[in-house]
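Survey of secondary and tertiary structure
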Amino acid sequence: EKAGYPHFMLKEIFEQPKAIQDCLRGRLDSTTHQITLSGLEKVKNKLLAAQRIIIVACGTSWHAALLAEYWIEELCRVPVEVEYASEFRYRNPIVGQDDLIIAISQSGETADTLVALENAKLHGATIFGIVNVVGSSIARLSDSGIYTHAGPEIGVASTKAFTTQLAALLLFAIKLAQYKQTIDTPTSDTLINELHAVPDKVQEILNTQLEKIKRIAHKYVDAKDFLYLGRGYNFPIALEGALKLKEISYIHAEGYPAAEMKHGPIALVDENLPVLFIATKDKIQEKIISNMQEIKARSGQLIALLSTDDTLVSSMADDSIEIPEAHEIIAPILSTIPLQLLAYYIGIDRGCDVDKPRNLAKSVTVE
Ligand code: M6R
């Protein structure tokens, strides 16, 4: 049932072009540049009236929520708050009828997320679920939603569930921006075209970067700690990359907003610390390049995720992984893929049980 792959995790990483395509199918039409989301249509009035959106999730799904905050605020100009479900449920949050709650959960059974939503529902909030498992508890509790259609995810580490959550959330953000008229047609056409191209670009990464990532994994297999840094849309991806490495290889890793490192983590940097930068081309790339220089000046080992043919960034890095060029809103979906593979190969090199990491359960149904 692993279809010839040694592990479910690798199989599921390689299934991502298809999973993302399945998520977009029937929803995104790149010829007419239309997005059709019946779940959104259903709660359109609530959505347009909502004064803010609160996104509730745990773990990797929380990282998807954080990126969605950046996307929705940028494209739809509505305030978004991102909450850990376990915190939200116990802290008497201010929530009521004017709030739209987006719940993100692969399994649809995470206990903290479920109870957080039940509480919000009691206060009259509308619940919109981004869920993979059809008919799961969170899907049933939701007033409406979008199924991610990733297919069954067996590996404990979330891979294709995450990238399909991102695809669904970006569909949501573009469509809401169209409803609210906060996006112009050229921008929405560009994003729709670029989202349509994501499955092929993910495939390109899988086809071209694998050997390089295996080599990098081998080189850093004995690292004690790892730092993952990104800015803007890439900050949530840095968090996700670090979580993946921790889960799968048991190497301590931290994700941080790149500029924030100067307020603490920079004290960790020496010649033994690998620091992975997500440094693809975008409006703030110049800023991340200066953060890279700061690490280099302290002899840290620099690994860079960079846009294909970016010779400036590759000349600074000890090791680099290439991402096909993409709009800055789309690029973080692509940057996720090498980070999953890096965690996988380091885990394998260290002899870890990558499909079933110690102490972890696929779905956390107890608090
Ligand atoms: O099923 P959910 O999306 O609600 O699960 C949330 C987290 O437990 C999950 O994403 C966890 O962090 C993964 N093991 C990460 O790879």
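Residues numbered from 1 in each chain as written. Predicted model: local features only at pLDDT ≥ 70, side-chain atom pairs only at ≥ 80, totals over all residues. Heavy atoms only, no water.

Looking now at the overall build of the chain. Scanning the chain for helices and strands turns up 15 helices and twelve strands. A globule of 367 residues ought to have a C-alpha radius of gyration of about 21 Å, and the chain, at 20 Å, matches this closely. A buried classification covers 59% of the 367 residues belonging to the chain. For the chain, contacts bridging at least 24 residues in sequence account for 76% of all contacts bridging at least 6. If you average the places of the 36 positive and of the 47 negative side-chain charges in the chain, the two averages end up 2 Å apart. (Helix = DSSP H or I, 4+ residues; strand = E, 2+ residues; numbered from the N terminus. Rg over C-alpha atoms; globule rule 2.2 N^0.38 Å. Buried < 20%, exposed > 50% of the residue type's maximum accessible area, 1.4 Å probe, protein only. Contact = heavy atoms within 4.5 Å. Lys, Arg positive; Asp, Glu negative; His and termini not counted. Charge placed at Lys NZ, Arg CZ, Asp CG, Glu CD.)

For the rest of this paragraph, the subject is the site of the ligand. Within the structure, the ligand sits among 13 residues, and Ser-61, Ser-105, Gln-106, Ser-107 and Thr-110 are positioned closest to it. One of the backbone nitrogen or oxygen atoms of Gln-106 is found 2.6 Å away from an oxygen atom of the ligand. Between Ser-107 and the ligand, the recorded distance is 2.7 Å, taken from a side-chain N or O atom to an oxygen atom. Its free accessible area being 410 Å², the ligand has 92% of it covered by the protein chains. When contributions to the shell around the ligand are tallied by element, the ones reaching two or more residues are α5 (59–76) and α12 (235–249). (Near = heavy atom within 4 Å. Polar contact = N/O pair within 3.5 Å; in protein donor to acceptor, adjacent residues only side chain to side chain. Areas by Shrake-Rupley, 256 points an atom, 1.4 Å probe, with all protein chains shown as cover.)

In an α-helix, one turn spans 3.6 residues; hence positions three or four apart end up facing the same way. With twelve residues, helix α7 (residues 111–122) extends 17 Å from end C-alpha to end C-alpha; this agrees with the ideal 16 Å at 1.5 Å per step. Regarding α7, the residues found buried are Ala-111, Asp-112, Thr-113, Leu-114, Ala-116, Leu-117 and Ala-120. Turning to α7, the residues buried within the fold contact β3 (52–57), α6 (85–88), β5 (99–105), β6 (126–131) and α8 (137–141). In the segment just after α7, Gly-124 is the residue with positive phi, at about 95°. (Expected span 1.5 Å × (residues − 1).)

Taken together, five strands build an open sheet; the order of strands is β4-β3-β5-β6-β7 and the sheet is parallel. With partners counted over all chains shown, the strands left at the sheet margins are β4 (80–84) and β7 (144–147), one partner each. Across this sheet, the average inter-strand angle for adjacent strands is 20°, counted without regard to direction. With five bridges connecting them, β3 and β5 associate as parallel partners. From the neighbouring strand, Ile-53 faces β5, where its bridge partner is Leu-100. Where α5 meets the sheet, its contacts fall on β3, β4 and β5, and the angle it forms with β4 comes to roughly 170°. Seen against the sheet, α7 touches β3, β5 and β6 and runs at an angle of roughly 165° to β5. (Pairing = 2+ DSSP bridges. Axes fitted to C-alpha atoms, helices over the stretch in contact; angles between N-to-C directions.)

Applying the stated criterion across every chain yields a total of seven aromatic pairs. With centroids separated by 5.6 Å and ring planes inclined at 40°, the aromatic side chains of Tyr-5 and Phe-14 adopt a geometry described as tilted. Given a relative accessible area of 29%, Tyr-5 falls into the partly exposed group. For the ring pair Trp-62 and Tyr-84, a centre distance of 4.1 Å and an interplane angle of 5° mean the geometry is stacked. Linking Trp-62 in helix α5 with Tyr-84 in strand β4, this pair joins segments that are 22 residues apart in sequence. What links up through ring pairs into an aromatic cluster is the set Tyr-220, Phe-226 and Tyr-228. Here the basic side chain of Arg-358 rests over the ring of Tyr-250, its NZ or CZ set 3.7 Å away from the ring centre. (Phe/Tyr/Trp six-rings, centres within 6.5 Å; stacked < 30°, edge-to-face > 60°. Lys NZ or Arg CZ within 6 Å of the ring centre and 35° of its normal.)

Between its terminal C-alpha atoms helix α13 (residues 285–296) stretches 16 Å, which fits the 16 Å expected from twelve residues at 1.5 Å a residue. Those residues of α13 that are buried are in contact with β8 (225–230), β10 (274–278), β11 (301–307) and α14 (311–316).

A separate point is the side chain of Lys-201. Residue placement: Lys-201 occurs in helix α10 (residues 185–208). Nearest to the buried, unbridged Lys-201 among oppositely charged side chains is Glu-194, at 4.0 Å. Residues in contact with Lys-201, not counting those within four places in the same chain, are Glu-194, Pro-324, Glu-325, Ala-326 and Leu-334. (Salt bridge = Lys/Arg side-chain N within 4 Å of Asp/Glu carboxyl O.)

What follows covers the environment of Asn-119. For Asn-119, the position within the fold is in helix α7. It is 9.6 Å that separates the C-alpha atoms of Asn-119 and Pro-93, two residues lying 26 residues apart in sequence.

So, on to the confidence of the model for the chain. When pLDDT is averaged along the chain, the result is 96, and 100% of the positions lie at 70 or above. Scored as a complex, the prediction yields pTM 0.97 and ipTM 0.98. (pLDDT = per-residue confidence, 0-100.)

Our focus in this paragraph is the pairing of β6. Across the six residues that make up β6, a large majority, six, are buried. A two-sided burial pattern is seen for β6, the buried positions comprising Thr-126, Phe-128 and Ile-130 on one face and Ile-127, Gly-129 and Val-131 on the other. Inspection of the sheet shows β5 paired to β6 by six bridges, in the parallel sense. The residue bridging Ser-105 from the neighbouring strand is Val-131, located in β6. Note: β6 against β7, four bridges, orientation parallel. Within the sheet, the bridge partner assigned to Val-131 lies in β7 and is Tyr-147.

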